[in-house]
Every structure is written in C-alpha cells, then in structure tokens.
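Survey of secondary and tertiary structure
Chain by chain, the residues run as shown.
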Amino acid sequence: MDVQGTVAAGWEPVRDAFLRNFEERGERGAAVAVHHDGVPVVDLWAGTRDATGQGAGEAPWAEDTAQVVRSATKGVAAVVPLLLHQRGLLDLDAPVAAYWPEFKAAGKDRVTVRQLLAHRAGVPVLDRPLTLAEAVDLETATRAIAAQAPVWEPGTAHGYHAHTFSWLLSGLVHRVTGRTIGHWAAEEITDPLGLDLWIGLPAAQAHRVGRLGPVEEIEPPGSGALKLRPKRSVTEAYQDPASLTRRAFGVIDPKPDENDPVYRAAELPGSAGVATARALARFYAAALGPVDGAARLLTPESLALARTEESAGADKVLLVGTRFGLGHMLHGPASPLLGPSSFGHPGRGGSLGFADPDAGIGFGYVTNGMRKTVTADPRAQSLVRAVRASLDGA
C-alpha cells in the first residue's frame, strides 16, 4: 500500500498503524490527520476513493478527497451551540421552548437546551418515520420533532438521539440565529478556518467526495483492539423493529443512500457531514487554541463546558454505558478517545474526530469502508493508540 502525505519526526507510529489498517484490517480508502499544540504533525492518505475498489472505484484517494463522516458530524455541530452560548445568544439552562415555542408540545415544555444537547430530551424516535424528502426539509422535519411526545420523562435518563439530533439542533439554531446550521457553521467556523468540511455539501465540491461501502470485519489476533462483543440484548434490540434502538436508527425510512447527492447536500448535523481528515483535525485543534494565526474557537470557559460530563451510564438507545457532554461524546469504555479530557464524536462504521486539551491533540480519521461498529471502530482505535505512543515517546 502506497501511503501518501507527511509525518513529523516522532509521529511515525501513526503511519505504521495507518498502514497496518490496510494490511490487516481490510481498510479500502482512508485518511488520518493529527495536530499537536496547533501544529500539523500527521497528514496521511491511502487506498481508493470508492470502497468497492472496482471500476471507477479504483481511482486513488487524493490529497483533497472527502467523505461522508456520519455521526462524526455531531462533534462539529455541537460547537455551534457552545459558540452561541459564548456570544451570549443562548442560555443552556433555558427551556428550548423559550427559543422554539412549538417545541413545548406533548410534554416537552420543560426540556432545557442543556438536556437537548446531552441526549436527555427523550425524543430519539418519531412515531412516524420521515421520508428522505421530508428529512432534508427543515420546516417539515422540525415540525415533526416539535410535535413528538417524549418516550421517557425528559431529564431523567439519556439515550442516543442518533438521527433526531439533526432536527433538534437544526430547529434550535435556526430559531436563535435565523440561519440554518449548515450556513451558520460555514460562515462562522469552517470558511474562516479554511476547512474542507461541510454540513450540507455544495454542488461545486461534489466531485471530491468518495463513496462509502461495507467492508469485511477483520481484526488480527493480539492487536490490542477494544473487544466489545455485544450482549444478546443489544443484538436483539438492533434486530427488533419495535425496539427503541432500531427505531432510533430508522427514523428515515426507507434507509437513505448515503452516496446520494441529495443526502450529501442535506443539512443533517447528526449524520450527513462531509469532511477530510485534515479538516477534522484542524477543527478540533482550533477548538483548543490558535491555528495558523486564526483565533481559537472556544474560550477557556467554553472549552470547560465541552469536556464536562452531562450524561453517563446506561444508554436507553445504545444499551451500553455512554458518556456525553453538550453534544460531544466523552472518553469512556464504550468510546475510548485519548484520555479523560478528550471530547469529540465517532461516526458509525468508522470515522472519528476529537480534541484532547490535556495533550494538545486535534485528531481526524475518515474512511470509506463501513464496519458494523457504532462507537469504537478498531481502525480508529489503533490510530488513537499510536497517537498515545507517539506522545509517550516524545
């Protein structure tokens, strides 16, 4: 495998781990990037831009290839309400209905912004799933989520709002700012930082995006990868159409084709962002401090909020123990990041982006090969371990 890009001295373990993902774990096309204390130290890519690796898919992954990163989008989108709070435009402890009056319907009048962001609002499902056309229409989708009754008393428990997080956050941001979340993020975050990262892919950038596809589940013996064998109850929940788990992941029906230009262009901050690994790493580096002269995104106070636990323990949707801050996943057994201060978000099946304030790390990994993993992909985990080894060897 011909790995392209650059690695700073001392960061070679990341390149070695990246190469092993292709040799031992069935990687098809991917990129990884790392910033340390605001400086890029890893920027690598390899493989094909199409996970099928056949026909047109034999085109190599290029320096500027981007991919749909699924729920890794949530970590980017979660910075938007933090910035709105930082600017005095959003009170985290105010009822969502103070900004979005329609949201108070069906017993949600006391749901706070903080609870919404921490997956505690109790609306991970919809009584009637949306078609793709309905899901990508802001007015239709936010009307549906505002009318939905919670499936548990808001604030009393947490459960991963896999897809409904898109419309919860979109509805809130639109009513606070008058802009869609994709436009707000572009104008206030990604364009100023020069990031190849979009919540709503512009047509002019569509030619750069590879295609997602399933890859075989391969894990070499003695690899040190996190081994999470799902309990029978978890496996059964994903198979049961009536379960909260299955319904949460099935709120768009029929299941959308993530390679469809309509889906990629949709402003779905919970699932449909498109990014390069370089952009994810730079984004999280900018959350921690200045990057290339650009001002840091988050003040120390906002950074403290980003890494503060708001939900922990049994997740009513994922049925494992999860930890969330204000929209970000936090380091824990089900989703290991670099260490206790880490915050970010994985994308189901592979991709990962996170920041670690204690270590000064901004990390991004993007792949086109989708595995069945939800929160801890072995390929991403091998790269995180290599980052830790590089830091330990410095």
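Refer to the structure printed above.
In this text the structure is predicted, and so the values were computed from the model without any measurement.

Moving on, we come to the packing of aromatic side chains. In this structure the tally under the stated criterion is eight aromatic pairs. Measuring from ring centre to ring centre gives 4.9 Å for Phe 283 and Tyr 284, while their planes differ by 75°; the resulting arrangement is edge-to-face. When the ring of Tyr 284 is compared with that of Phe 343, the centres are 6.3 Å apart and the planes differ by 70°; the resulting orientation is edge-to-face. Residue Tyr 284 is found in helix α12 (residues 277–288), and its partner Phe 343 is found in strand β11 (residues 343–346); the two are separated by 59 residues along the sequence. Taken as a pair, Tyr 284 and Phe 343 share a single burial class, namely buried. Among the aromatic residues, ring-to-ring pairing joins Tyr 160, Tyr 238, Phe 249 and Phe 324 into one connected group. One Lys or Arg, Lys 108, reaches over the ring of Phe 103 and ends 4.9 Å from the middle of that ring. The ring of Phe 249 carries the charged tip of Arg 348 above its face, separated from the ring centre by 4.4 Å.

The topology assignment puts Val 173 in helix α7 (residues 164–177). According to the relative accessible area criterion, Val 173 is buried, its value standing at 1%. Separated by 74 residues in the primary sequence, Val 173 and Tyr 99 have C-alpha atoms spaced 9.1 Å apart. Excluding residues that lie within four positions of it along the chain, Val 173 makes contacts with Val 80, Leu 84, Gly 178, Arg 179 and Ile 181.

With that settled, the discussion passes to the nonpolar core. Of all hydrophobic cores here, the largest spans 73 residues; its most connected members are Trp 167, Ile 189, Phe 283 and Leu 298. Here this core gets 10 residues from one element, more than from any other, and that element is α12. In this structure, Ile 189 is in contact with Val 79, Val 80, Leu 83, Trp 184, Phe 283 and Leu 297, ignoring residues within four places of it in sequence. The next biggest cluster of nonpolar side chains, apart from the first, holds 26 residues, and it includes Ala 30, Val 42, Phe 354 and Ala 386.

A few words now on helix α1 (residues 12–24). In this model, α1 (13 residues) spans 18 Å end to end at C-alpha, consistent with the 18 Å of a helix rising 1.5 Å per residue. Of all the positions in α1, only Val 14, Ala 17, Phe 18, Leu 19, Asn 21 and Phe 22 are classed as buried. Where α1 is buried, its residues meet β2 (29–36), β3 (39–47) and α14 (378–393). Gly 26 sits one or two positions beyond α1 and adopts a positive phi of about 75°.

Before going further, it helps to examine the packing of helix α3 (residues 79–86) against α7. Where α3 meets α7, the closest approach of the two axes is 11 Å, and the angle between their N-to-C directions is 30°. As far as their axial angle goes, α7 and α3 are roughly parallel. Considering how the two elements wind past one another, α3 and α7 form a crossing that is left-handed. Taken together, the residues of α7 that come into contact with α3 (itself represented by Val 80, Pro 81 and Leu 84) are Leu 169, Val 173, Val 176 and Thr 177. Residue classes in the contact of α3 with α7 are distributed as six nonpolar, one polar and no charged.

Turning to α3, a few remarks are in order. Of all the eight residues making up α3, six are buried; the element is thus mostly covered by neighbouring parts of the structure. In this structure, the buried residues of α3 make contact with α2 (72–77), α4 (113–117), α7, α8 (181–193), α12 and α13 (300–306).

Further remarks concern the pairing of β2. With seven of eight residues buried, β2 lies mostly within the body of the structure. As paired elements, β2 and β3 share eight bridges and run antiparallel to each other. Each bridged residue has a counterpart across the sheet, and for His 35 the counterpart in β3 is Pro 40. Two strands pair when backbone bridges link them, and β2 and strand β13 (residues 361–367) are joined in this way by seven bridges, in the antiparallel orientation. Bridge assignment links Val 32 to a residue of β13, and that residue is Tyr 365.

Each value, and the rule that gives it
Residues numbered from 1 in each chain as written. Predicted model: local features only at pLDDT ≥ 70, side-chain atom pairs only at ≥ 80, totals over all residues. Heavy atoms only, no water. Phe/Tyr/Trp six-rings, centres within 6.5 Å; stacked < 30°, edge-to-face > 60°. Helix = DSSP H or I, 4+ residues; strand = E, 2+ residues; numbered from the N terminus. Buried < 20%, exposed > 50% of the residue type's maximum accessible area, 1.4 Å probe, protein only. Lys NZ or Arg CZ within 6 Å of the ring centre and 35° of its normal. Contact = heavy atoms within 4.5 Å. Core = buried A, V, L, I, M, F, W, Y, C linked by side-chain atoms within 4.5 Å. Expected span 1.5 Å × (residues − 1). Axes fitted to C-alpha atoms, helices over the stretch in contact; angles between N-to-C directions. Parallel < 35°, antiparallel > 145°, perpendicular 65-115°, else oblique. Left-handed = near helix turned anticlockwise from the far one by under 90°. Nonpolar A, V, L, I, M, F, W, Y, C, P; charged D, E, K, R; others polar. Pairing = 2+ DSSP bridges.

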